[in-house]
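# Summary of the model geometry
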Amino acid sequence: MIHIAAGLTGNAKTLIHDNIEATKKLIRYAEKVKIKRMIYLSTVAVYGYTGKELSEDSNPINPSVYGMTKHICESLVKESEIPEKLIIQLPKMIGPFVHMEDTSGSGFLTMTKKILQGETVVCYIPELQYNNYLHVSELEKFLEHMLLCEEWKRNEKILVGARERLTMMEILGIMRDESGSKSEIIPRCNGILPECFLINISKAETLGFTPCSAEDMLRRFIQEVRIERGHYGYKAE
């Protein structure tokens, strides 16, 4: 069983219903029919903002309501009678499903949209390394790998993300190059940095997590966004 469903937005009552109560029902069903294995897709949001680098041993600091509900769901999965459980904590997911119409909740997507539209981009974290993203195709590949594994540990929790730690200027440069945009990317440090952190994926790598390069993921994402939502794409001369 793979549990991927989740409510991302809404008030506390809505998120408790969509995440916690729904997960309880799914676990009860899995226990009833004696499911042997369960993969639960969680999120890095369970940690809140923990500093520069995130690992499975990081302590949560001021997570959002959404993050708190997913943290409780993780505990429900761990405490269930399902024999083998794998919790995968996801970063920002990119792929053809991403909606570019409203990017106000994501600085990463807002800068991406500006590049696609040929607008000037101001990068406030130019030298900060970043790997808090993953293309959905790489998650699919890893899930298939885990489902084919003959042996699991009984209760495992792992973080996943991009393999290389690129600076934000490098990331923006790759996306500008792939899109053919003429956007100017301006590095600017104002001393007030957005909340941003690295993800330590070493534990996932021991289980066979081998994503493609960060550059390949970013280029694929730009190609998909331009194809699926061409009216946002920059048309090179």
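Not measured: the values here are computed from a predicted model.

### Section: the overall build of the protein
A tally of regular secondary structure across the protein gives 7 helices and 12 strands. Structurally, the protein occupies a C-alpha span of about 60 × 35 × 30 Å along its principal axes. When the 237 residues of the protein are sorted by exposure, 46% land in the buried category. For the protein, restricting intrachain contacts to residue pairs at least 6 apart in sequence, the fraction spanning at least 24 positions comes to 83%. By element, 52% of the accessible surface of the protein is carried by carbon and sulfur atoms, the whole surface being about 12,300 Å². Considering the protein, the positive charge centre built from 30 side chains and the negative charge centre built from 32 side chains are found 5 Å apart.

### Quick notes on a nonpolar patch on the surface
Together, Ile2, Ile4 and Leu147 make up an exposed nonpolar region whose accessible area comes to about 280 Å². Of the residues examined, Ile2 reaches a relative accessible area of 37% and is grouped as partly exposed.

### Notes on the environment of Phe209
By the element assignment, Phe209 lies in the loop between helix 6 (202-206) and helix 7 (214-228). Sequence spacing of Phe209 and Ile125 is 84 residues, and the spatial spacing of their C-alpha atoms is 28 Å. Every residue in contact with Phe209, bar those within four places of it in the chain, is listed here: Leu134, Phe142, Val160, Gly161, Ile201 and Ala204.

### A look at the packing of aromatic side chains
Under the definition given, this model contains 4 aromatic pairs. Both rings, one in Tyr130 and one in Tyr133, keep their centres 5.8 Å apart while their planes meet at 25°; by these two values the pair is stacked. Aromatic ring contacts, followed pair by pair, group Phe108, Tyr130 and Tyr133 into a single cluster.

### Looking at the packing of helix 3 (residues 107-116) against helix 5 (residues 168-179)
Close contact between helix 3 and helix 5 brings their axes to 9 Å; oriented N to C, the two are set at 35°. As helix 3 runs across helix 5, the sense of the crossing is right-handed. Note on element contacts: helix 5 touches helix 3 through Met168, Ile171, Leu172, Met175, Arg176 and Ser179, opposite Phe108, Met111, Thr112, Ile115 and Leu116. The residue makeup of the contact of helix 3 with helix 5, split by class, is 8 nonpolar, 2 polar and 1 charged.

### Quick look at the side chain of Ser183
Assignment of secondary structure puts Ser183 in the loop between helix 5 and strand 11 (185-187). There is a polar contact of 3.4 Å between the side chain of Ser183 and the backbone oxygen of Lys114. Here the side chain of Ser183 touches Glu119 through a polar contact of 2.7 Å, landing on its backbone oxygen. Leave out the neighbours within four places in its chain, and Ser183 touches Lys114, Ile115, Gly118, Glu119 and Arg176.

### Description of the nonpolar core
Formed by 52 residues in total, the largest nonpolar core has its most connected members in Ile88, Phe108, Tyr133, Ile171 and Leu172. The greatest single-element share of this core, amounting to 6 residues, is contributed by helix 7. Each residue touching Tyr133, except ones within four places of it in the same chain, is listed here: Pro91, Lys92, Ile94, Gly161, Ala162, Leu166, Ile171, Ala214, Met217 and Leu218.

### Points about the confidence of the model for the protein
Scored by pLDDT, the protein has a mean of 89; 92% of the residues are at 70 or more. The spread of mean pLDDT over the elements of the protein runs between strand 7 (residues 129-130), the lowest at 88, and strand 8 (residues 133-135), the highest at 96. For residues 231-237, every residue scores under 50 in pLDDT, and the model assigns this stretch 20 contacts once sequence neighbours within four places are set aside.

### Regarding the pairing of strand 4 (residues 84-90)
Among the 7 residues of strand 4, 7 are classified as buried, and the element is accordingly described as predominantly covered. The alternating pattern of strand 4 places Glu84, Leu86, Ile88 and Leu90 on one face and Lys85, Ile87 and Gln89 on the opposite face, and all of these are buried. Of the pairings in the sheet, the one linking strand 2 (residues 37-43) to strand 4 comprises 7 bridges and is parallel in character. Across the sheet, residue Met38 finds its bridge partner in strand 4, namely Lys85.

### A closer look at the packing of helix 1 (residues 12-32) against helix 2 (residues 65-79)
Packed helices, taken two at a time, are described by the angle between their axes plus the distance between the axes. For the pair helix 1 and helix 2, interaxial distance at closest approach is 9 Å and the crossing angle is 15°. In terms of orientation, helix 1 lies roughly parallel with respect to helix 2. Handedness of the crossing formed by helix 1 with helix 2: right-handed. Here Ala12, Leu15, Ile16, Asn19, Ile20, Thr23, Lys24 and Ile27 of helix 1 come into contact with helix 2, specifically with Val65, Tyr66, Thr69, Lys70, Ile72, Cys73, Leu76 and Val77. A breakdown of the residues in the contact of helix 1 with helix 2 according to their chemical character gives 11 nonpolar, 3 polar and 2 charged.

The rules we used
Residues numbered from 1 in each chain as written. Predicted model: local features only at pLDDT ≥ 70, side-chain atom pairs only at ≥ 80, totals over all residues. Heavy atoms only, no water. Helix = DSSP H or I, 4+ residues; strand = E, 2+ residues; numbered from the N terminus. Buried < 20%, exposed > 50% of the residue type's maximum accessible area, 1.4 Å probe, protein only. Contact = heavy atoms within 4.5 Å. Areas by Shrake-Rupley, 256 points an atom, 1.4 Å probe, with all protein chains shown as cover. Lys, Arg positive; Asp, Glu negative; His and termini not counted. Charge placed at Lys NZ, Arg CZ, Asp CG, Glu CD. Patch = residues over 30% accessible without salt bridge, like charges linked within 9 Å, V, L, I, M, F, W, Y side chains within 5 Å. Salt bridge = Lys/Arg side-chain N within 4 Å of Asp/Glu carboxyl O. Phe/Tyr/Trp six-rings, centres within 6.5 Å; stacked < 30°, edge-to-face > 60°. Axes fitted to C-alpha atoms, helices over the stretch in contact; angles between N-to-C directions. Left-handed = near helix turned anticlockwise from the far one by under 90°. Nonpolar A, V, L, I, M, F, W, Y, C, P; charged D, E, K, R; others polar. Polar contact = N/O pair within 3.5 Å; in protein donor to acceptor, adjacent residues only side chain to side chain. Core = buried A, V, L, I, M, F, W, Y, C linked by side-chain atoms within 4.5 Å. pLDDT = per-residue confidence, 0-100. Pairing = 2+ DSSP bridges. Parallel < 35°, antiparallel > 145°, perpendicular 65-115°, else oblique.

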